There are 4 protein chains.
Amino acid sequence: MISFTCDYNEGAHPEILKRLQETNFQQEPGYGDDSFTQSAIAKIREATGCPDAHITLLAGGTQTNATVIDAVLPHYGAVIAVGTGHIAVHESGAIEFCGHKVITLPSHNGKMAPEELKAYMEKFYADPTWPHMAHPGMVYISFPTEYGTIYTKEELKSIKSTCEQYHMPLFIDGARLGYGLASPAADITLKELAQLCDVFYIGGTKVGALCGEAVVFPRGNAPENFFTIVKQHGALMAKGRLLGIQFDTLFTDGLYMKIARHAIEMAIEVKKAFAEKGYPFYTDSPTNQQFPILTQEQMANMDGKVLYEVWEPLPDGHAVTRFATSWATTQEQIVKLKALL
Amino acid sequence: MISFTCDYNEGAHPEILKRLQETNFQQEPGYGDDSFTQSAIAKIREATGCPDAHITLLAGGTQTNATVIDAVLPHYGAVIAVGTGHIAVHESGAIEFCGHKVITLPSHNGKMAPEELKAYMEKFYADPTWPHMAHPGMVYISFPTEYGTIYTKEELKSIKSTCEQYHMPLFIDGARLGYGLASPAADITLKELAQLCDVFYIGGTKVGALCGEAVVFPRGNAPENFFTIVKQHGALMAKGRLLGIQFDTLFTDGLYMKIARHAIEMAIEVKKAFAEKGYPFYTDSPTNQQFPILTQEQMANMDGKVLYEVWEPLPDGHAVTRFATSWATTQEQIVKLKALL
Amino acid sequence: MISFTCDYNEGAHPEILKRLQETNFQQEPGYGDDSFTQSAIAKIREATGCPDAHITLLAGGTQTNATVIDAVLPHYGAVIAVGTGHIAVHESGAIEFCGHKVITLPSHNGKMAPEELKAYMEKFYADPTWPHMAHPGMVYISFPTEYGTIYTKEELKSIKSTCEQYHMPLFIDGARLGYGLASPAADITLKELAQLCDVFYIGGTKVGALCGEAVVFPRGNAPENFFTIVKQHGALMAKGRLLGIQFDTLFTDGLYMKIARHAIEMAIEVKKAFAEKGYPFYTDSPTNQQFPILTQEQMANMDGKVLYEVWEPLPDGHAVTRFATSWATTQEQIVKLKALL
Amino acid sequence: MISFTCDYNEGAHPEILKRLQETNFQQEPGYGDDSFTQSAIAKIREATGCPDAHITLLAGGTQTNATVIDAVLPHYGAVIAVGTGHIAVHESGAIEFCGHKVITLPSHNGKMAPEELKAYMEKFYADPTWPHMAHPGMVYISFPTEYGTIYTKEELKSIKSTCEQYHMPLFIDGARLGYGLASPAADITLKELAQLCDVFYIGGTKVGALCGEAVVFPRGNAPENFFTIVKQHGALMAKGRLLGIQFDTLFTDGLYMKIARHAIEMAIEVKKAFAEKGYPFYTDSPTNQQFPILTQEQMANMDGKVLYEVWEPLPDGHAVTRFATSWATTQEQIVKLKALL
């Protein structure tokens, strides 16, 4: 049986395993002081065009979101996100566990509307009772979003501008960053994105690594004692080499974007396959997650042959589904999928 | 240069890398639902003699301590540990971050004295102002301790008995569990230890894995919704296979204890080497960490030839040092070390 | 100038000040062990028809909501409220500060629709990813609501029934409880309300006291060590007599409900005054808060003569306003207000 | 029966009740915007010699400690206190509840030794693993201490100097501030104390008020959005007038220090009474709390005639006791006490 369930249902890109093998007998310091992590940081600084970037390698997405948000916010602050944002839905209240409210704005296919953010902030400070309300201290968006969509450069600029006006850092969750940047719909590069936010992370887990997310403060603007904060959140890996080797590999010879482009090519074929057979889509995603709507019959037909995620049951019995591609998706799998439609 | 700095300065046991390679192209569900994790759980249940054990694989030690303590304690509760306990010293306040005070008792070479625990509890409830004080809700000990020492079966029984009397679960931090059980000084087995506590973890990171700690609730006595708690703590790994494969390998053909026994054999040679040359020790450790006391001259002599940790400078200019062995320690390294003494 | 701004803009009911004077030279133990608190508890047990009630006197509303919610929820749990609920809007994120997400349902003039709560819970557990989502552990409603509306007995029964089905305690915020029960629209008594929830509080601050809210666990069902929890939240008053005397006075000779009925009578006159002049209302409130909609001209006309709260500016330049009555509202004030309409 | 149990076992100073009566029918805004609070702030600025002071009135001590410490510390920071400090012992873990570790130094009759603080900080930063340890971010001391002792000006200067060196604000818990300043042993004034710390509070509850503590940031150096932080901690009183009237009264015509001086005079008589009869003391307290050591027989003799607190049972069956005086202590009570010795 083949699976398009999720990009984290695969192993690591083979190049990563190869490097783990080659380096296994080296003795290296722990906690990120290993040579691989140092090398990875240098390469990510290069790739992001941020020579002063403060970069930290963490293990997973929820951990990264919770640690970064807690580190960046004033301790009494709240973070603004769209209602479908990962931190608002699928992190079991990890942000609130750290003491912070997630203020939700409407989601437009996963995206925040810049003008709605602006309007929210204007209304907030126009209300004389604002000191009695949770204090908006930063903004969180995902690139790409949980619905596969991406922001344009103009939208990011507009959101950033509101953030600056209200002294709120902008945080971009890049769990699937590569897939966003590699999309033909993207009008922004990694270097540009780094300039348009205050902190972001480059997702490894979903883009070829076994685990790992690289947190980037582009202008060296990490909060004081960020290392201690990471440790306090249980997010400091003893054998930092595991993360260092992976990111060093991903950022050698452009592997990260190669993986992303491959997955996007495969996703476009998946999309075409469904579209040609007349399947409607829940949202027009230009990235590695596709959301075709299937009937009960169509789902029954796939049973036992292909795995995917049921995203949301619809009132009429149909269902929004998700088909995700990755570094490991093959032409053979696409062919098999097509045969089932 | 050779290093005895720490057991986490090595890569993974080769068998683990081999299994990562072999399984890399399998598609597997995330979040611990992969077949490797399921297999690992079955093997750990067997090894601990706990057929009903509730077992969860997490990535690192501080994360595990914070998650377990927060899950087991009432939300207003405090945890009792010795002053040198890892949670009291080297976790950046991760337990307090979760809202819990760490109440400290005196450390006796890293160990808690059972009678001092009992006396503390008697005094606590004898004080009529106890409801105004942080509420002792569980007990934390390490096996082996941060000073390499281990508890006897009688000591564990005595601590457990006080815990039961005061309705406090007993949690054993087993970051180096294998090294404790493999010590010639140990009078307890893994199965017995599992019976003498309410929750413990089997450390992987320091015993051959790249990362990973297996949390065991021996009698299926995990708190309700433990999965959600783990996620909320940012401790749920998306590609759970990474942890599953490692623990499945460690618990196949007794690899875990083989690694531990090898490290202990090496540690005994290290100990002998120092003892024969008349070096004093800070504590008489029967496990993989040795704490010889070195003079300034002796340290200068090792400079650039061998790495170790300076544990604690002493007022007379000498220093307590730590030399740790692991699965990767070789006879060649021991020979080189001896030549320097 | 007269003020209808809020029910907490007045001093204490004179009977309370009288009792403070009379008892001032008595020496009494602190922390709620004083004789007045004990007497108040006995009287509240009587008034609520709950002989086994566990009753605690706290100082203010936000403090009470945060303490009760944190005490009742599992530490990883979330509380369900309507989007206009006090805990969701005007408590500066106090609930999230304690680690708990506030899950919001739609507000219907301040009220939760029982069927929407039921539908939410059904959908929650039907989603296989629910363990990744914030865990709904209790339900919070206000009686009366922030918009002055009240629940019918049937609605409370229906909400309670869903709560029971999903093992979620029901908490009723009674900051203005008296005004709800004294409303001619109420079809429920204090004794009945106590039976239909798991914990509620009887608001003192807004119903004649200087400060104080009485938390009632009707069936003695307070969480273990609730006293310690209260202390930990900074909510334990040293001179508990201040709260004890006030609630003892409020629950002597039915003073609490007398105050409430007086305020309701005054509110009905306020309502009539606006209605007769053709002012529209934002919501049809049967309690002590009235929400007439005023034009810019009408507001200008009142300028410098009467105070009230601008609740919400409307797009057309009009504004929802709030006029609140209390124990201290007089016929003279009503007459003056009428003269301005 | 007379009681010397605690200074919070009395009602309010009569002048306060008188003012509550006189002002009761005034309508005043809530949340600290009332005219009394504004007047109290002006008078406290005058009394402390701090024209720019940022002053906030809160209700109780634990609440104040938790709010101030959480507001001042970086969110990941720890607070240094002596082991007998109120925050370390009798606040049920309220500081840890807010996420902060309390690092304890030895107590010398309740006091921190300036040189031990300095030594601790030097050792902390000399340890290369310090980023793995809870981060000392502020210092907490009490004036007077929980054992009635007070710091000299030199000691405060020395502690402040270390604080400045390590960028740690100094917080003085003044729950019984008046009794410290009014002591004949004090070599410091209120104005001087305000210059020697970064934040302190003037205790009202134990010095004549029903409740209330005035938090003073002497140089207007309150953390941004302190109001929101107070609200989030549940520490914002709706009827702020209750606190405003009390502090306005206490700081009119020097009432606060008059109360304190009276209590000190009474305490000196208590001390003499015990000393003349040869009772030993646990500590030589120059403030309103006296700690004579009593035998079982002496305690039996007082049974039913005078109340006091048993502070600490001693191994020989004797007990350290506490006798506290206040604004309400009378010569008659002293005479009665003497008759029992």
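Computed from a predicted structure; not experimentally measured.

A few words on the overall build of chain A. Within chain A, the secondary structure is distributed over 14 helices and 13 strands. Against the globule reference of 20 Å for 341 residues, chain A gives a C-alpha radius of gyration of 20 Å, in line with a compact fold. Overall size of chain A, expressed as C-alpha extent along the three principal axes, is 60 × 55 × 35 Å. Taken over 341 residues, chain A has a buried fraction of 58%. Pairs at least 24 residues apart make up 75% of the contacts formed inside chain A by residues separated by at least 6 positions.

A separate point is the sheet that holds strand β2 (residues 54–58) of chain B. Residue and element names in this part refer to chain B. If you trace the seven strands from one edge of the open sheet to the other, you get β2-β8-β7-β6-β5-β3-β4, paired in mixed fashion. Edge positions in the sheet fall to β2 and β4 (102–105), since each of these pairs with one other strand and no more. Each adjacent strand pair in this sheet contributes to an overall mean axis angle of 25 degrees, direction not counted. When strand β6 (residues 170–173) meets strand β7 (residues 199–203), the two strands line up parallel, connected through two bridges. Residue pairing for β7: Phe171 is matched across the bridge by Val199.

On to the interface of chain A and chain B. Listed per partner, the contact involves 43 residues of chain A and 43 residues of chain B. Counting residues per element, the ones that place at least two in the side of chain A that touches chain B are α1 (14–23), α3 (61–72), α5 (94–97) and α10 (226–232) of chain A. No other element matches the five residues that α1(A) contributes to the side of chain A that touches chain B. Grouping the constituent residues of the side of chain A that touches chain B by class yields 19 nonpolar, 19 polar and five charged.

This part covers the interface of chain A and chain D. A common way to express how large an interface is: the accessible area buried when the components associate. Residue-level contacts link twelve residues of chain A with twelve residues of chain D. Counting residues per element, the side of chain A that touches chain D draws most heavily on α10(A), which supplies five residues.

Moving on, we get to the relation of the copies chain A and chain B. Superposing chain A onto chain B takes a rotation of 180 degrees combined with a translation of 0.0 Å along the rotation axis, leaving an RMSD of 0.0 Å. Expressed as an axis order, the relation between the two copies is that of a two-fold axis. Both copies contact each other with a shared surface, as 100% of the interface residues of chain A are interface residues in chain B too.

A few words now on the relation of the copies chain A and chain D. The operation relating the two chain copies consists of a rotation about an axis and a shift along that axis. Of the two same-sequence chains, chain A is brought onto chain D (RMSD 0.0 Å, axial shift 0.0 Å) by a rotation of 180 degrees. Comparing interface residues between copies, 100% of those in chain A also sit at the interface in chain D, which points to an isologous, same-surface contact.

Residue and element names in this part refer to chain A. In terms of domain boundaries, chain A breaks down into domain 1 (2–7 + 256–340) and domain 2 (28–253). Between domain 1 and domain 2, the residue contacts involve 16 residues of the former and 20 residues of the latter. No other element matches helix α12 (residues 255–276), which puts seven residues into the side of domain 1 that touches domain 2. Grouping the constituent residues of the side of domain 1 that touches domain 2 by class yields nine nonpolar, five polar and two charged.

In this model, chain A carries an average pLDDT of 97, and 100% of its residues clear a pLDDT of 70 or more. Overall fold confidence for the complex sits at a pTM of 0.97, while the interface term, ipTM, reaches 0.96.

Another point: the pairing of strand β13 (residues 319–324) of chain D. All names here are of chain D. For strand β9 (residues 289–290) and β13, the ladder comprises two bridges, and the chain directions are antiparallel. Opposite Gln290, over in β13, you have Phe323 as the bridge partner. Inspection of the sheet shows strand β10 (residues 293–294) paired to β13 by two bridges, in the antiparallel sense. Paired with Leu294 across the bridge in β13 is Ala319.

The subject of this paragraph is the sheet that holds strand β3 (residues 77–82) of chain A. Residue and element names in this part refer to chain A. In spatial order, the strands read β2-β8-β7-β6-β5-β3-β4; together these seven strands make up an open sheet with mixed pairing. The sheet is open, and its two edges are formed by β2 (54–58) and β4 (102–105), each paired on a single side. Ignoring strand direction, the axes of neighbouring strands in this sheet form an average angle of 25 degrees. For strand β7 (residues 199–203) and strand β8 (residues 213–217), the ladder comprises four bridges, and the chain directions are antiparallel.

On to the pairing of strand β6 (residues 170–173) of chain A. Two faces belong to every sheet, and in a regular strand the side chains alternate between them. All names here are of chain A. Side-chain alternation along β6 places Leu170 and Ile172 on one buried face and Phe171 and Asp173 on a second face that is also buried. As paired strands, strand β5 (residues 135–142) and β6 are joined by four bridges and run parallel to one another. Opposite Val139, over in β6, you have Leu170 as the bridge partner.

All names here are of chain C. Between its first and last C-alpha atoms helix α12 (residues 255–276) spans 32 Å; for 22 residues at 1.5 Å apiece the expected length is 32 Å, and the two agree. Listing the buried residues of α12 in full gives Tyr256, Ile259, Ala260, Ala263, Ile264, Met266, Ala267, Val270, Lys271, Ala273 and Phe274. Next to the buried residues of α12 lie α8 (177–181), α11 (241–250), β9 (289–290), β13 (319–324) and α14 (331–340). Of the residues trailing α12, Gly278 is marked for its positive phi of about 85 degrees.

Bringing unusual backbone geometry into the picture now. The omega torsion across Phe143(A) and Pro144(A) is -5 degrees, close enough to zero to call that bond cis. Notably, Asn225(A) is not glycine yet its phi reads approximately 55 degrees, a positive angle. In this fold, Asn225(A) is placed in the loop between β8 and α10. A positive phi angle is found at Asn109(C), which is not glycine, with a value near 50 degrees. Topologically, Asn109(C) is positioned in the loop between β4 (102–105) and α6 (114–126).

Before going further, it helps to spend a moment on the environment of His54(C). All names here are of chain C. Within the element layout of this structure, His54 appears in strand β2 (residues 54–58). A sequence separation of 13 residues divides His54 from Ile41, and the C-alpha atoms of the two residues are 8.4 Å apart. Discounting residues that sit within four places of it in the chain, His54 has contacts with Phe217, Gly220 and Ala222.

Glancing now at the environment of Leu340(A). Residues and elements named next belong to chain A. For Leu340, the position within the fold is in helix α14 (residues 331–340). Considering only alpha carbons, one finds Leu340 and Met302, 38 residues apart in sequence, at a separation of 6.5 Å. If we skip the residues at most four places from it in the chain, Leu340 touches Asn301, Met302, Lys305 and Val306.

Take the packing of helix α12 (residues 255–276) of chain D against helix α14 (residues 331–340) of chain D next. Residue and element names in this part refer to chain D. Direction vectors running N to C along α12 and α14 enclose 10 degrees, while the axes themselves pass 10 Å from each other. By the angle class used here, α12 and α14 are roughly parallel. Of the residues in α14, those touching α12 at Met266, Glu269, Val270 and Ala273 are Ile334, Leu337 and Lys338. For the contact of α12 with α14, a count of residues per class yields five nonpolar, no polar and two charged.

Attention now moves to the environment of Leu117(C). Residue and element names in this part refer to chain C. With respect to the helices, strands and loops of the structure, Leu117 is situated in helix α6. For Leu117, a count of 23 C-beta atoms within 10 Å corresponds to the buried category. As for Leu117 and Gly93, which are separated by 24 residues in sequence, their C-alpha atoms are 22 Å apart.

Calculation rules
Residues numbered from 1 in each chain as written. Chains lettered and ligands numbered in written order. Predicted model: local features only at pLDDT ≥ 70, side-chain atom pairs only at ≥ 80, totals over all residues. Helix = DSSP H or I, 4+ residues; strand = E, 2+ residues; numbered from the N terminus. Rg over C-alpha atoms; globule rule 2.2 N^0.38 Å. Buried ≥ 20, exposed ≤ 12 C-beta atoms within 10 Å, placed from the backbone. Contact = placed C-beta atoms within 7 Å. Pairing = 2+ DSSP bridges. Axes fitted to C-alpha atoms, helices over the stretch in contact; angles between N-to-C directions. Nonpolar A, V, L, I, M, F, W, Y, C, P; charged D, E, K, R; others polar. Least-squares fit on C-alpha atoms with pLDDT ≥ 70 in both. Domains from an automatic or database assignment. pLDDT = per-residue confidence, 0-100. Expected span 1.5 Å × (residues − 1). Parallel < 35°, antiparallel > 145°, perpendicular 65-115°, else oblique.

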